[in-house]
Amino acid sequence: MTALTPSSAKQFILDNTALMAPPHVPEIFLRLADEAHDLWQRTEDELVEIGLPPPFWAFAWAGGQGLARYVLDNPGMVLGKRVLDFASGSGLVAIAAAKAGAAKVIATDIDPFCATAIRLNSEANGVGIEFLGTDCIGTDAGWDVILAGDVFYDKSFADRLMPWFAALKTRGAEVFVGDPGRWYLPKTGLEPLAVYEVAVTRVLEDALVKRTTVWRFA
């Protein structure tokens with residue numbers, strides 16, 4: 001079996017996903033794995049064999065759907081601004097920001113396959129998005145707005161994010177998070193802005209609907 005590389009991933013993504021709209025963001029179309037594709041059911045060994053990290057980019061996670069919905073419904077938060085979509089995955093939130101009128105949108109993710117997935121998804125929606133494939137935690141390129149969907153699922157990751165988000169907020173950036181009740185979401189310093197009931201797949205979650213809150217770092 002030929003191992004995939006980020007540069008050869010386009011056909012794999014096209015073969016293993018379908019173009020569809022996430023249920024909570026019907027304005028946006030993404031290449032997503034559905035019940036007809038067994039992408040997530042493949043074992044870790046199978047994924048390693050073909051050279052593919054866990055394909056988080058193939059699913060519209062609840063936190064991202066909620067945050068994208070909020071951005072589309074409140075375009076003033078990104079209009080004319082420089083926006084970073086952190087841990088972008090499929091690019092859903094980045095696409096929402098571009099559609100809402102952001103001056104510049106950068107989608108960042110350390111999974112190199114996201115570059116291909118985000119390019120395909122941004123093209124499907126007629127928007128332009130830059131991709132940054134390096135670990136940008138702790139850096140500051142002067143973004144006006146930082147968007148982060150579903151990032152508090154791991155304690156060590158959350159412990160790295162919090163001081164970075166705090167520093168960006170202190171500098172004057174706005175930081176918004178979409179979260180469906182992940183365990184390591186901070187208990188203080190967040191202002192709730194909206195709550196959504198987001199339909200998800202039982203392949204990935206413990207329920208068919210996840211109550212998802214959009215928070216602003218206060």
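Quick caveat: nothing in here was measured; it's all calculated off a predicted structure.

## Some details on the pairing of strand 9 (residues 209-217)
Note: strand 7 (residues 174-179) against strand 9, four bridges, orientation antiparallel. Counterpart to G178 in the pairing with strand 9 is V214. Where strand 8 (residues 190-199) meets strand 9, nine bridges bridge the pair, whose relative direction is antiparallel. Bridge assignment links P192 to a residue of strand 9, and that residue is W215.

## Description of the nonpolar core
Across soluble globular proteins, nonpolar side chains have a tendency to be buried as a group. By size, the foremost hydrophobic cluster in this structure holds 53 residues, and its most contacted members are L52, W57 and L147. Among the elements that take part in this core, helix 4 (residues 92-99) stands out by supplying seven residues, more than any other. Contact partners of L52, with chain neighbours within four places excluded, come to L4, F12, L39, L47, W57 and F113.

## Observations concerning the environment of S88
Mapped onto the fold, S88 is located in the loop between strand 3 (82-86) and helix 4. Along the backbone, S88 and L147 are 59 residues apart, and their C-alpha atoms lie at a distance of 8.9 Å. When residues no more than four places from it in sequence are discounted, the contact partners of S88 are A94, A107, T108, D109 and I118. Reaching out from S88, the side chain makes a polar contact with the side chain of D85 at a distance of 2.6 Å.

## Quick look at the pattern of salt bridges
Side-chain pairs of opposite charge can arise whenever the charged atoms involved come near each other. Enumeration according to the criterion identifies 11 salt bridges in this entry. As a salt-bridge pair, D144 and R82 come within 3.0 Å of each other at their nearest N and O atoms. On the criterion of sequence distance, the pair formed by D144 in the loop between strand 5 (130-132) and strand 6 (145-149) and R82 in strand 3 is long-range, its members being 62 residues apart. For R82, a relative accessible area of 40% translates into the label partly exposed. The closest approach of N and O atoms between R216 and E191, which form a salt bridge, is 3.1 Å. With R216 in strand 9 and E191 in strand 8, this pair connects stretches of sequence that are 25 residues apart. On the accessibility criterion, R216 (24% relative accessible area) is partly exposed. Bridged by salt links that share partners, the residues E27, R69 and D73 form one connected network.

## Brief notes about the sheet that holds strand 3
Read across the sheet, seven strands follow the order 5-4-3-6-7-9-8 without closing on themselves; strand pairing throughout is mixed. This sheet does not close on itself; its edge strands, each paired only once, are strand 5 and strand 8. Averaged over all adjacent pairs, the angle separating strand axes in this sheet is 20°, with direction ignored. Against the sheet, helix 4 makes contact with strand 3, strand 4 (104-108) and strand 6, and its axis sits at roughly 180° relative to strand 4, the strand it touches most.

## Section: the packing of aromatic side chains
Enumeration over the complete set of coordinates arrives at nine aromatic pairs. Residues W143 and W164 carry aromatic rings whose centres are separated by 6.3 Å and whose planes lie at 90° to one another, so their mutual orientation is edge-to-face. Of the two residues, W143 sits in the loop between strand 5 and strand 6 while W164 sits in helix 6 (residues 155-171), which places them 21 residues apart along the sequence. Each member of the pair, W143 as well as W164, is classed as buried.

## Comments concerning the layout of surface pockets
Within this model, the largest pocket holds a volume of roughly 730 Å³. For the largest pocket, the lining is made up of 34 residues, of which F56, A87, G89, D109 and Y153 are closest to its centre. Counting only elements with at least two residues in the lining of the largest pocket, the list comes to strand 3, helix 4 and helix 6. Its residues assigned to classes, the lining of the largest pocket comprises 19 nonpolar, seven polar and eight charged.

Reading the values: rules and limits
Residues numbered from 1 in each chain as written. Predicted model: local features only at pLDDT ≥ 70, side-chain atom pairs only at ≥ 80, totals over all residues. Heavy atoms only, no water. Pairing = 2+ DSSP bridges. Helix = DSSP H or I, 4+ residues; strand = E, 2+ residues; numbered from the N terminus. Core = buried A, V, L, I, M, F, W, Y, C linked by side-chain atoms within 4.5 Å. Buried < 20%, exposed > 50% of the residue type's maximum accessible area, 1.4 Å probe, protein only. Contact = heavy atoms within 4.5 Å. Polar contact = N/O pair within 3.5 Å; in protein donor to acceptor, adjacent residues only side chain to side chain. Salt bridge = Lys/Arg side-chain N within 4 Å of Asp/Glu carboxyl O. Axes fitted to C-alpha atoms, helices over the stretch in contact; angles between N-to-C directions. Phe/Tyr/Trp six-rings, centres within 6.5 Å; stacked < 30°, edge-to-face > 60°. 1 Å grid on protein atoms, 1.4 Å probe; cavity = no way out; pocket = protein on both sides within 12 Å on 5 of 7 lines; lining within 4 Å. Points joined across faces, edges and corners; volume = space filled by probe spheres on them. Nonpolar A, V, L, I, M, F, W, Y, C, P; charged D, E, K, R; others polar.

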